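This is what each chain is made of:
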Amino acid sequence: MVHRKRALSAVQKLVVLLSLFIVMSAAHGQMAGPTLAQESGVRAGSGDDFDNIEIYTRWDSEWLQTEVIERISLADWRARWDLTAGYWDGSVDDNGFLALGPVAEWRAPGADWRVSLGVQPTLISSHNGNGKDLGGPFQFTSHLGVAWAPPGALILGLRIQHTSNAGIYDNNPGVDIVSAEVGYAF
């Protein structure tokens, strides 16, 4: 008997993503300690034979700010953590992934625009993705993003990201994706 993989419909994917978005936002509100600037949102894009959809949440990191950003005197930069759950939809295979890591954001004084750079260790559900052998389940996702992000308002942005294993496995083709981002800062 041959079992065929049953794909989720677009409506099912949207329901799952919105549910995860609500859970991640609620869990964020439960964090102990002082209130930190937070944001949550959705990214969607395409590249390297994959369509991409992600939910993310970001929060300020006081420790990274004092121990890294301030020690190297990066004025107007802000240290944050980024937690992302996502799904690569390929024509052959699909992959789920989870990423968590630091992000540095630069804002010009008094501006609502920001530039972000980050690298997140990433776990993928299958390293055989859409005809590519990505080497193994542990990857790194680096990104460069630009966004219009006024405080306490809707965030709109664009992001270029590259996911690969940095040569820790024999195969390392990588996946490049360009995505649009919609989020909310609170």
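All values derive from a computational prediction rather than experimental measurement.

Thresholds applied
Residues numbered from 1 in each chain as written. Predicted model: local features only at pLDDT ≥ 70, side-chain atom pairs only at ≥ 80, totals over all residues. Heavy atoms only, no water. Buried < 20%, exposed > 50% of the residue type's maximum accessible area, 1.4 Å probe, protein only. Helix = DSSP H or I, 4+ residues; strand = E, 2+ residues; numbered from the N terminus. Arc of directions from axis to C-beta. Contact = heavy atoms within 4.5 Å. Salt bridge = Lys/Arg side-chain N within 4 Å of Asp/Glu carboxyl O. Phe/Tyr/Trp six-rings, centres within 6.5 Å; stacked < 30°, edge-to-face > 60°. Lys NZ or Arg CZ within 6 Å of the ring centre and 35° of its normal. pLDDT = per-residue confidence, 0-100. Core = buried A, V, L, I, M, F, W, Y, C linked by side-chain atoms within 4.5 Å.

## Things to note about helix H2 (residues 62–69)
- Of the residues making up H2, those classed as buried are Leu64, Gln65 and Ile69. Looking straight down H2, one finds that the buried residues subtend no more than 105 degrees of arc, so they occupy a single side. When the buried face of H2 is taken as reference, the exposed residues oriented beyond 90 degrees from it are Glu62 and Trp63.
- The inward-facing, buried residues of H2 contact strand S3 (77–90) and strand S4 (94–107).

## Structural notes on the pattern of salt bridges
- Using the criterion set out here, one finds 14 salt bridges in the structure.
- Where arginine 58 meets glutamate 105, a salt bridge forms, and the shortest distance between an N and an O atom there is 2.8 Å. Within this pair, whereas arginine 58 is found in strand S2 (residues 50–60), its partner glutamate 105 is found in strand S4, the two being separated by 47 residues in sequence.
- Taking relative accessible area as the criterion, arginine 58 reaches 1% and is therefore assigned buried.
- Overall, the relative accessible area of 1% leaves glutamate 105 in the buried class.

## Focus: the packing of aromatic side chains
- Under the definition given, this model contains three aromatic pairs.
- Taken together, the ring pairs connect Phe50, Trp88 and Phe97 into an aromatic cluster.
- Taking the ring centre of tyrosine 56 as reference, the NZ or CZ of arginine 43 above it sits at 4.1 Å.

## Side note on the confidence of the model for the protein
- Here the protein shows a mean pLDDT of 82. Residues at 70 or above account for 80%.
- The element-level mean pLDDT for the protein is lowest in helix H1 (residues 10–29), coming to 52, with strand S8 (residues 138–148) highest at 96.
- Segment residues 1–5: pLDDT under 50, and three contacts once partners within four positions in sequence are set aside and those in other chains are kept.
- Here residues 25–36 is a poorly scored stretch, pLDDT under 50, and it has ten contacts once near neighbours within four places are set aside; other chains count.

## Examining the nonpolar core
- Counting seven residues, the largest nonpolar core consists of Phe50, Trp88, Phe97, Ile124, Leu134, Val175 and Ile177.
- Among all residues touching valine 175, those that are not within four sequence positions of it are Asp48, Phe50, Trp88, Leu134, Gln161, His162 and Thr163.

## Comments concerning the environment of glycine 157
- Relative to the elements of secondary structure, glycine 157 occurs in strand S9 (residues 154–164).
- On the basis of relative accessibility, which here comes to 12%, the residue glycine 157 falls in the buried class.
- Considered as a pair, glycine 157 and glutamate 181 are 24 residues apart in the sequence and their alpha carbons are 4.8 Å apart.

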